[in-house]
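Residues per chain, in single letters:
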Amino acid sequence: MIVGIGLSVYGSQLIIENLATDEKQLGIGTSMEVSKELDPAINENGVYVLQIVDFKEASRLQASIYDPLGQIVVTKSIDHSPFQDNFTISTTGTYKLVLENTGEKELEVTAVLGHLPQGQSLTVSIFGFVVIIIGLIGLAVGIIYFIKSRGRVDTN
């Protein structure tokens, strides 16, 4: 189980190092920006994730992704939380996620931008999870065996 926990932590670290995260109180009419250096050679799929505390239907948030040349890659109106969307990484450089609060109340937003996790990092995390499950099954079998063998010793 300890090996599984270690592999899960390592896999999570591999995923997190490819992401930029920021958290901010967005007042009415204000914006925030999250930037991350992205390379299509690593992965052509980018991802952005938003978590908005106390999101209501009246909340209005606009998300835009800009490529290194300043061109808009994608623009979305956020209508629920949590929100996740993908985009294509076409050139190497700094991509920006710009969030604008166009609603009538202040929002607490956590934003993540980076490569969509894939490959080795996901494999390590999944393998770590499997090892933890196998360890837990082994522990349960060991406890059952211990209880049954202890009961046999007492009856003799």
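Relevant structure appears above.
Residues numbered from 1 in each chain as written. Predicted model: local features only at pLDDT ≥ 70, side-chain atom pairs only at ≥ 80, totals over all residues. Heavy atoms only, no water.

Enquirer: I'm lost on the overall build of the protein chain in this one. Help?
Expert: Broken down by element type, the protein chain carries two helices and eight strands. Walking the protein chain from its N terminus toward its C terminus, one meets helices and strands in the order α-β-β-β-β-β-β-β-β-α. For the protein chain, long-range pairs separated by at least 24 residues make up 80% of all intrachain contacts whose partners lie at least 6 apart in sequence. (Helix = DSSP H or I, 4+ residues; strand = E, 2+ residues; numbered from the N terminus. Contact = heavy atoms within 4.5 Å.)

Enquirer: What's the story with the pairing of strand S3 (residues 45-53) in this structure? I'm lost.
Expert: Both faces of the sheet carry side chains from a regular strand, because those side chains alternate between them. Of the pairings in the sheet, the one linking S3 to strand S6 (residues 83-88) comprises six bridges and is antiparallel in character. What sits directly across from Asn45, in S6, is Thr88. Pairing of S3 with strand S8 (residues 107-115), which is carried by eight bridges, proceeds in the antiparallel orientation. Counted as the bridge partner of Val49 is Val112 from S8. (Pairing = 2+ DSSP bridges.)

Enquirer: Hey, could you run me through the sheet that holds strand S5 (residues 72-78) in this one?
Expert: Sheet strands pair via backbone hydrogen bonds, and the direction of the pair is either parallel or antiparallel. One open sheet accounts for four strands, arranged S2-S7-S4-S5; its pairing is antiparallel. With partners counted over all chains shown, the strands left at the sheet margins are strand S2 (31-38) and S5, one partner each. The sheet shows a mean angle of 15° between the axes of neighbouring strands, direction not considered. Where strand S4 (residues 61-66) and strand S7 (residues 93-101) come together, six bridges link them in antiparallel fashion. Directly across from Ala63, in S7, lies its bridge partner Leu99. (Axes fitted to C-alpha atoms, helices over the stretch in contact; angles between N-to-C directions.)

Enquirer: How should I be thinking about the sheet that holds S3 in this particular structure?
Expert: With antiparallel pairing, the four strands of this open sheet are ordered in space as S1-S8-S3-S6. Sheet topology places strand S1 (19-26) and S6 at the edges, where each strand pairs with a single neighbour. Averaged over all pairs of adjacent strands, the angle between strand axes in this sheet comes to 15°, irrespective of strand direction.

Enquirer: Looking at this structure, I do not really get the environment of Lys24. What am I missing?
Expert: Relative to the helices and strands, Lys24 resides in strand S1. In this structure Lys24 comes out as partly exposed when scored by relative accessible area, which is 36%. Residues Lys24 and Thr110, 86 residues apart in the sequence, show an inter-C-alpha distance of 6.6 Å. The contacts of Lys24, once residues within four sequence positions are left out, are Ser31, Met32, Leu107, Glu108 and Val109. (Buried < 20%, exposed > 50% of the residue type's maximum accessible area, 1.4 Å probe, protein only.)

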